[in-house]
Amino acid sequence: MLLHQVFPGLQSPAARSIISAADYFFDLTGPASVLNAELSLLRANALLAQIQKIDPNYRVRSRGMTNPETAAGWKTYLAGLRMDRAAALYGARGETGPLQVETLRFLQERVDAAYAEGLKRLKAGKIDTRLSDRVGLGNFIDLTVRKELREFYNIYGIQLTKASPVRVVPREYWTKGEERTFSIPDSRVGRVAFDMTLHQKTLGTPQIRNFFGSDFQPDVIIIVRPTQLGRGSTYAITRPRS
């Protein structure tokens, strides 16, 4: 799966500037929610065959899920295999497309979890709210998920160097003007930037304009918001046409 499958119409010449993610990607209404063990096994075997074709020396990582017995177990196992495939394609061929999708899957899951935990902490008075409750909650989500994303990449051997096309909280510089300025997305994978937020953002948002104006020149910016905020909370913003 690539991003244009997650965000239908992304490659269309007539694509709108904001494109919502397909519901099935987050298993809201799609077939992944009703997979049985037999279908899950078929999918797992297909993923294993694809990975071993890319990397003949591949061995399944031990996650305690090599023989799942529950729907949740199968979901975790299949997610691990999808990420193994994405990491193998990136490591062997430098392909970032599948890794962009798996990064989005991970971020959405962890943003949802951090939002739920953050609300509990907010209610208990365990979040810094000197600026506002919303800012405090947003900061908690950012710090929590950024740390988890670094650990996630480390598990799969994804290097996060300054020269790498995959980075977490990178400084993306703008050197076209007289002054050298920079903007900081939460993460980037290839020509895609990811921004975790509680707010609605558009091409008119200064931060988004700065991302697109940087030397990094992303093709698309993915806005990742908690699914608890409602349908269409996560969406893609496409580069403005010149």
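Whatever comes next refers back to the structure up there.
Description of the structure in this document. (Residues numbered from 1 in each chain as written. Predicted model: local features only at pLDDT ≥ 70, side-chain atom pairs only at ≥ 80, totals over all residues. Heavy atoms only, no water.)

1. A look at the packing of helix α4 (residues 97-123) against helix α5 (residues 133-155)
Here α4 crosses α5 at 140 degrees, and the two axes come no closer than 8 Å. One finds that α4 runs oblique with respect to α5. Pair α4 / α5 crosses with right-handed handedness. Per-class residue counts for the contact of α4 with α5 are 15 nonpolar, 3 polar and 5 charged. (Axes fitted to C-alpha atoms, helices over the stretch in contact; angles between N-to-C directions. Helix = DSSP H or I, 4+ residues; strand = E, 2+ residues; numbered from the N terminus. Parallel < 35°, antiparallel > 145°, perpendicular 65-115°, else oblique. Left-handed = near helix turned anticlockwise from the far one by under 90°. Nonpolar A, V, L, I, M, F, W, Y, C, P; charged D, E, K, R; others polar.)

2. Observations regarding the sheet that holds strand β2 (residues 166-168)
Reading across from one edge, β1-β8-β7-β6-β5-β2 is the order of the 6 strands in this open sheet, with mixed pairing throughout. Each of the sheet's edge strands pairs with one partner strand only, and the pair in question is β1 (18-20) and β2. For this sheet the average axis-to-axis angle between neighbouring strands, irrespective of direction, equals 20 degrees. (Pairing = 2+ DSSP bridges.)

3. What to know about the pattern of salt bridges
In the structure shown here, the tally under the stated rule is 14 salt bridges. Residues Glu148 and Arg110 are paired through a salt bridge, measuring 3.0 Å at the closest nitrogen-oxygen approach. Here Glu148, found in helix α5, pairs with Arg110, found in helix α4; they are 38 residues apart in sequence, far enough to count as distant. Assessed through its relative accessible area of 23%, Arg110 is described here as partly exposed. A salt bridge links Asp195 to Lys201, with the nearest nitrogen and oxygen atoms 2.8 Å apart. Across this residue pair, the class does not change: Asp195 and Lys201 are buried. One continuous salt-bridge network, built from bridges that share partners, spans Arg82, Glu102 and Arg105. (Salt bridge = Lys/Arg side-chain N within 4 Å of Asp/Glu carboxyl O. Buried < 20%, exposed > 50% of the residue type's maximum accessible area, 1.4 Å probe, protein only.)

4. Remarks on the packing of aromatic side chains
Following the criterion strictly, the structure yields 5 aromatic pairs and no others. Pairing Phe152 with Tyr153 gives two aromatic rings, centres 6.1 Å apart and planes at 40 degrees, and the pair type is tilted. As far as the burial class goes, Phe152 and Tyr153 line up, both buried. Put simply, the rings of Phe106, Phe152, Tyr153 and Tyr156 pair up and form one aromatic cluster. (Phe/Tyr/Trp six-rings, centres within 6.5 Å; stacked < 30°, edge-to-face > 60°.)

5. Examining the environment of Lys123
With respect to the helices and strands, Lys123 occurs in helix α4. For Lys123 and Asp133, which are 10 residues apart along the polypeptide, the C-alpha to C-alpha distance reads 9.9 Å.

6. Points about helix α2 (residues 37-54)
It helps to recall that an α-helix has 3.6 residues per turn; residues three or four apart then point in one direction. Relative to the 26 Å expected for 18 residues at 1.5 Å per residue, α2 spans 26 Å between its end C-alpha atoms, a close match to the ideal helical length. Of all the residues in α2, the buried ones are Ser40, Ala44, Leu47, Leu48, Ile51 and Ile54. Along the long axis of α2, the arc covered by the buried residues comes to 120 degrees, so they all point the same way. Structural note: α2 exposes Glu38, Leu42 and Lys53 on the side pointing more than 90 degrees away from its buried face. Elements that come into contact with the buried residues of α2 comprise α3 (71-93). (Expected span 1.5 Å × (residues − 1). Arc of directions from axis to C-beta. Contact = heavy atoms within 4.5 Å.)

7. Describing the nonpolar core
Core analysis: the largest hydrophobic core is formed by 40 residues, its most contacted members being Phe7, Leu99, Leu104, Ile141, Tyr153, Ile158 and Ile222. At the level of elements, α1 (3-6), α3, α4, α5, β2, β6 (192-196) and β7 (220-224) are the ones that each hand at least two residues to this core. Non-local contacts of Ile141, meaning those with residues more than four positions away in its chain, are made with Val111, Ala114, Tyr115 and Leu198. Formed by 12 residues, the second largest nonpolar core is a distinct cluster that contains Tyr58, Tyr77, Ala88 and Leu89. (Core = buried A, V, L, I, M, F, W, Y, C linked by side-chain atoms within 4.5 Å.)

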